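Results of the structural survey
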Amino acid sequence: MATSADLSNLKGQFHARAKGHDKCPSHRKNQVVFLCQVCNTLICTTCSVTTHKTHNDSFIEISEYTQQCKNKVRDFVCENENKRIPKFHAEKKSAEARLSTLKSKYKNIRDKMKLERDQCKDLLDRITEDCLILCDKMEDTETELLTSHITDLDERIDTLVKLSSECKQTLQTGTNVLVYDSATEVRDMDINIPRIPDIGVIDFTPSKDRLSHLKLAMGAIETPTDHFRAVSATGGHYNRGPVVKQNQSTELGQTSTEEDKYFTLCESPMIKSKFSYRDQITSICPTPDGRAWLCDFNTSTLNLINNKGKARQRIQHNSNTTDISLDPTTGRLWFCCKGERTVNEISTSSTPVRRFSTENYPHRLCVTREGRVVVGTGGRQGYKVLICTAEGQVLHTVTVDRSGLGGVDSITQCPVTGNIAIVNNYRSHVIVYNSTLQPLVHYRGEGIQAREAVTPDKFGPITVVYDSKGNIVIADTKRKTTELISGEGKYIKTLHTNKGRQGVVGLQRGDVLWSSLVLDTGEWGLKLLEYYSD
């Protein structure tokens, strides 16, 4: 019997035979008379006793095989004329009909794009005009205030100069009664220098994520596959990493649109800004305009800084603030106070307003896109997560841990699914709940690619934040890293490994990560990182 090695050697020895030619290509004087079924080749008598001699059991005369071949050819012709060719004609007709509509189809799409572009331009002009009008009003207001202040100072200066002259004359020639009256007048006079009127911090902060905002305003062109994705005109500025395809589960409430399934990660995050910041930070809430509110649970001060670390605003409360959260709809800042057991909101006048009180100590909070307030509380009965109305009515509750040890270290809501993710610092794991606090995922560091296996005792999450893709960024204090996992709890990538200590993180719109950490200089500071390249 021929082996596979024998067959491969034989195939290398075969010569091509023209279609219909009855002479053996290896022995040109001989006619082909046999079919070698092992090699599926027509051979002559000489081939049968030489190169094909080990296949003699498979030989069959051509005359005996002809009828079988005729049947195959006849079936092919019948299948072609009755089925295949009509189907090809129908497919061709369908393709031609589709081709005939392409011009009008794409013209319609282009017209929609141009209309949307023109509408966006009009809206941008109107928004700019409104901003300019507001700027003019603020200038007029501040000009009026300062002009009035200067006039007041002039009047006070004139009064003081005149009174000073009168007092000198009184001291030289005045009677006792006049000296007494002058002393009384001086005593009752308001001689404090009035402060320059300040209407607050006025500035314009350009958008740090202009391109994504414009893309969002313009709308997206839907393409059937990644191969047709338009390349951004600003592309080429990032080191591109792998394109990741997410397997979104409907059980977790994830969408399954083509746009959500794919994203491209940078090989390493791009540093947009880096600066030292010596004050302790226990919570970061970036604002849409590229600034960030900072909180330290050991103080009662809330600080707003820009992306260079410069202070822009400071709000003082009468009790230590344990956590902060921005309302994604109104943009207002909320905070909770453990000592007072209160949840508060900063009003438009930058004044703290108490919204409601909690039965147990509030440690963490997150204001959702639906206007709900998710609060992580602690007490003797254990640690709980509550979903409340803005007035404090409890809608849903779940007990995270009954031990009374540790607590909820972070709360975040997914902008895609509405799911809630938290950090249980006593058990060192991340829990994902649905919108009614039914548990979906428990993540303990599974899948993280490291030199050593990442077991639960080596995993130390301190902060979780959802990004725009529905993925979760985790700050790990034990391993000094920031990790990226899917909303289903599947490891994607280690985004950053720090030499020094890793602190809390926050996420700005446009997926710019604010990371509190020890810089290479040995000082605590902040890095602003971009980790998507698409």
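Residues numbered from 1 in each chain as written. Predicted model: local features only at pLDDT ≥ 70, side-chain atom pairs only at ≥ 80, totals over all residues. Heavy atoms only, no water.

Some details on the overall build of the protein
Inclusion rule: Working definition: helices are DSSP H or I runs of at least four residues, strands are E runs of at least two. Numbering for both runs from the N terminus. When accessible area is computed with a 1.4 Å probe and restricted to protein chains, residues below 20% of their type maximum are described as buried, those above 50% as exposed, and intermediate ones as partly exposed. We call two residues contacting when some pair of their heavy atoms lies within 4.5 Å. Here the accessible surface of atoms and residues is derived via Shrake-Rupley with a 1.4 Å probe, and residues count as covered only by protein chains that are part of the display.
From N to C terminus, the protein includes six helices and 28 strands. Counting all 534 residues of the protein, 37% fall into the buried class. Restricting to contacts in the protein with at least 6 residues of sequence separation, those with at least 24 account for 44%. Carbon and sulfur atoms make up 52% of the accessible area of the protein, which totals about 32800 Å².

What to know about a negative patch on the surface
Where we set the bar: Within this analysis, patches are made of residues with over 30% relative accessible area and no salt bridge. Like charges are joined at 9 Å or less; nonpolar side chains (Val, Leu, Ile, Met, Phe, Trp, Tyr) at 5 Å or less. Every case where a carboxyl oxygen of Asp or Glu lies within 4 Å of a side-chain nitrogen of Lys or Arg is listed as a salt bridge. Charged residues are defined here as Lys and Arg on the positive side and Asp and Glu on the negative side; His and the ends of the chain fall outside this count. Positions of charges follow a simple convention, taking NZ of Lys, CZ of Arg, CG of Asp or CD of Glu.
Together, Asp122, Asp125, Glu129, Asp130, Asp136, Glu139, Asp140, Glu142 and Glu144 line one region of the surface with negative charge. By secondary structure assignment, the location of Asp125 is in helix α3 (residues 62–173).

Looking at the side chain of Thr481
Cut-off, in case you're wondering: Contacts described as polar in this section are N or O atom pairs within 3.5 Å, which, within protein, must combine one atom able to donate a hydrogen with one able to accept it, while residues neighboring in sequence count only if both atoms come from side chains.
By the secondary structure assignment, Thr481 is in strand β24 (residues 481–485). A polar contact is formed between the side chain of Thr481 and the side chain of Arg479, at a distance of 3.2 Å. In this structure, Thr481 is in contact with Ile474, Ala475, Asp476, Thr494, His496, Thr497 and Gln502, ignoring residues within four places of it in sequence.

Here we look at the packing of α3 against helix α4 (residues 176–188)
Spelled out, the test is: Axis lines are fitted to C-alpha atoms, over the contacting stretch for helices. Their N-to-C directions set the angle, which ranges from 0 to 180 degrees. When an angle is under 35 degrees it counts as roughly parallel; over 145 it counts as roughly antiparallel; between 65 and 115 it counts as roughly perpendicular; any other value is oblique. Handedness of a crossing follows from how the near helix is turned relative to the far one, being left-handed for an anticlockwise turn of less than a right angle and right-handed for a clockwise one. Ten residue types, Ala, Val, Leu, Ile, Met, Phe, Trp, Tyr, Cys and Pro, are classed as nonpolar, four, Asp, Glu, Lys and Arg, as charged, and the remainder, Gly among them, as polar.
Remark: α3 packs on α4, axes separated minimally by 10 Å, with the N-to-C direction vectors making an angle of 150°. Relative to α4, the element α3 is oriented roughly antiparallel. Viewed along their axes, α3 and α4 form a crossing whose handedness is left-handed. Contacts from Leu163, Cys167 and Thr170 of α3 reach α4 at Leu178, Val179, Ser182, Glu185 and Val186. Looking at the contact of α3 with α4 residue by residue, the classes come out as five nonpolar, two polar and one charged.

Some points on the sheet that holds strand β17 (residues 394–401)
So the rule is basically this: Here a strand pair is declared whenever DSSP counts at least two bridges between the two strands.
Reading across the sheet, the four strands line up as β14-β15-β16-β17 and stay open at both edges, with antiparallel pairing between neighbours. Either end of the sheet is taken by a strand with one partner, and the two such strands are β14 (361–367) and β17. The average undirected angle you get between the axes of adjacent strands in this sheet is 20°. In this sheet, strand β15 (residues 373–378) lies alongside β14 in antiparallel orientation, the contact comprising six bridges. Directly across from Pro362, in β15, lies its bridge partner Thr377.

Re the environment of Asp511
For Asp511, the position within the fold is in the loop between β26 (502–508) and β27 (512–518). Taking the relative accessible area as the measure of exposure, Asp511 reaches 7% and is therefore buried. Along the primary structure Asp511 and Ser468 are separated by 43 residues, whereas in three dimensions their C-alpha atoms are 6.6 Å apart. With sequence-adjacent residues up to four places away left out, Asp511 is seen in contact with Asp467, Ser468, Lys469, Leu529, Glu530, Tyr531 and Tyr532. Within the structure, Asp511 has its side chain in polar contact with the side chain of Ser468 (distance 2.5 Å).

Remarks on a nonpolar patch on the surface
On the surface, a cluster of nonpolar side chains totalling about 260 Å² of accessible area is made up of Val73, Phe76 and Val77. Tracing the chain through its elements places Phe76 in helix α3.

Topic: the pattern of salt bridges
Per the counting criterion, the structure on display carries 14 salt bridges. Put simply, Lys107 and Asp111 hold a salt bridge, and the shortest N to O gap is 3.0 Å. In this pair, Lys107 and Asp111 are both assigned in helix α3, four residues apart and thus about one turn of the helix distant. For the salt bridge of Arg369 with Glu370, the shortest nitrogen-to-oxygen distance reads 3.1 Å. On the basis of relative accessible area, Arg369 is assigned to the partly exposed category, the value being 36%. The network of salt bridges with shared partners includes Arg332, Glu345 and Arg355.

A short note on α3
Filter applied, for reference: Consider a residue and the seven residues that end there alongside the seven that start there; fitting an axis to each set, the bend is the angle between those axes.
Bending of α3 peaks at approximately 50° at the position of Asn80. Inspection of α3 places Tyr65, Asn80, His149, Leu163 and Thr170 among the buried residues, and these make up the whole buried set. Structurally, α3 contributes buried residues whose contacts are with β1 (34–36), β3 (59–61) and α4.

Describing the sheet that holds strand β21 (residues 439–443)
Pairing is antiparallel across the open sheet formed by four strands, whose spatial order is β18-β19-β20-β21. Only two strands of the sheet have a single neighbouring strand rather than two, namely β18 (408–413) and β21. Ignoring strand direction, the axes of neighbouring strands in this sheet form an average angle of 20°. Both strand β20 (residues 429–433) and β21 contribute to a ladder of four bridges, which runs antiparallel. Looking across to β21, one finds that Ile431 is bridged to His442.

Looking at the pairing of β26
With seven of its seven residues buried, β26 lies for the most part within the structure. Two elements, β26 and β27, share five bridges in a ladder whose sense is antiparallel. When the sheet's bridge partners are listed, Val505 is paired in β27 with Ser515. The hairpin turn running from β26 into β27, its antiparallel successor, is three residues long, and Gly510 in that turn takes a positive phi close to 95°.

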